[in-house]
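# Tertiary structure, described
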Amino acid sequence: MSSKGGEIGININWKCNLDYNVTYCNPNYFFTRLDAAFENSVASQGYNFRFAKYYQSEDGTEHRTLHKAKAIRFEIIVSGNAGKFSTVPFLINLVAAFTSVGLATVFCDIILLNFHKGADEYKAKKFEEVSGVVSESANNRLYEGSQRSIKALEKSSNDSGTFSIGRQDPSNQ
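If you're wondering where the values come from, they're calculated on a predicted model, not measured in any experiment.

What counts and what doesn't
- Residues numbered from 1 in each chain as written.
- Predicted model: local features only at pLDDT ≥ 70, side-chain atom pairs only at ≥ 80, totals over all residues.
- Heavy atoms only, no water.
- Phe/Tyr/Trp six-rings, centres within 6.5 Å; stacked < 30°, edge-to-face > 60°.
- Buried < 20%, exposed > 50% of the residue type's maximum accessible area, 1.4 Å probe, protein only.
- pLDDT = per-residue confidence, 0-100.
- Helix = DSSP H or I, 4+ residues; strand = E, 2+ residues; numbered from the N terminus.
- Contact = heavy atoms within 4.5 Å.
- Pairing = 2+ DSSP bridges.

## Details of the packing of aromatic side chains
A full pass over the atoms with the stated rule returns three aromatic pairs. Taking the centre distance of 6.3 Å and the plane angle of 35° together, the rings of phenylalanine 49 and phenylalanine 51 count as tilted. Overall, the relative accessible area of 39% leaves phenylalanine 51 in the partly exposed class. On the basis of an interplanar angle of 50° and a centroid distance of 5.5 Å, the ring pair of phenylalanine 85 and phenylalanine 90 is categorised as tilted. Residue class for phenylalanine 85 comes out exposed when judged on its relative accessible area of 51%.

Set out below in structure tokens:
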């Protein structure tokens with residue numbers, strides 16, 4: 001390499017976890033000979049270039065001297081990543097992920113059904129039990145679409161205080 005020249009690539013790769021002490025953040029070095037791919041080429045090998053020096057002699061004629069320089073060239077490439085855990089961005093990303101997947105409603109239901117002090121009332125309203133409702137035929141529903149017919153069919157539910165639409169049971173009046 002000293003007689004023909006060459007090109008060396010130095011890759012410095014940093015991977016740092018800034019949650020730990022900075023002394024644990026050490027780079028990894030990789031060395032590669034970049035001109036090795038042209039080893040069997042018909043062009044001159046190694047790293048070299050030519051340049052000319054022009055000068056004029058005392059009698060006025062111009063001359064040039066052609067120089068072929070050989071050198072060792074270093075290509076330094078630095079890359080890496082560093083990170084530190086932070087609670088706020090973590091929670092924001094977690095909530096965004098839950099929301100995008102639709103798990104936010106499931107998570108809220110779990111909390112409200114099991115851990116909230118008004119869980120019994122929430123369960124009663126969420127899981128209302130309606131019994132004794134007879135489904136009507138499709139023909140009857142087409143003609144009973146007015147407000148008056150819907151009000152006549154309202155039924156009061158005993159367990160949650162909400163209303164459901166169905167036939168009124170004469171025994172409940």
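## Considering the confidence of the model for the protein
Keep in mind that low pLDDT regions are not for reading the predicted coordinates in detail. Here the protein averages 78 in pLDDT, and 75% of its residues register 70 or above. Ranking the elements of the protein by mean pLDDT puts strand 7 (residues 163-165) last, at 46, and strand 2 (residues 28-33) first, at 94. Low pLDDT, under 50, characterises residues 141-152; the predicted model gives this stretch seven contacts beyond four residues in sequence or across chains. Note that pLDDT drops below 50 for residues 161-167; the model gives that stretch 19 contacts with residues more than four away or on any other chain.

## A few points about the pairing of strand 1 (residues 6-17)
Of the pairings in the sheet, the one linking strand 1 to strand 5 (residues 72-83) comprises twelve bridges and is parallel in character. Pairing of tryptophan 14 across the sheet is with glycine 80, part of strand 5. Direction of pairing for strand 1 relative to strand 2: antiparallel, over a ladder of six bridges. Looking across to strand 2, one finds that asparagine 13 is bridged to asparagine 28.

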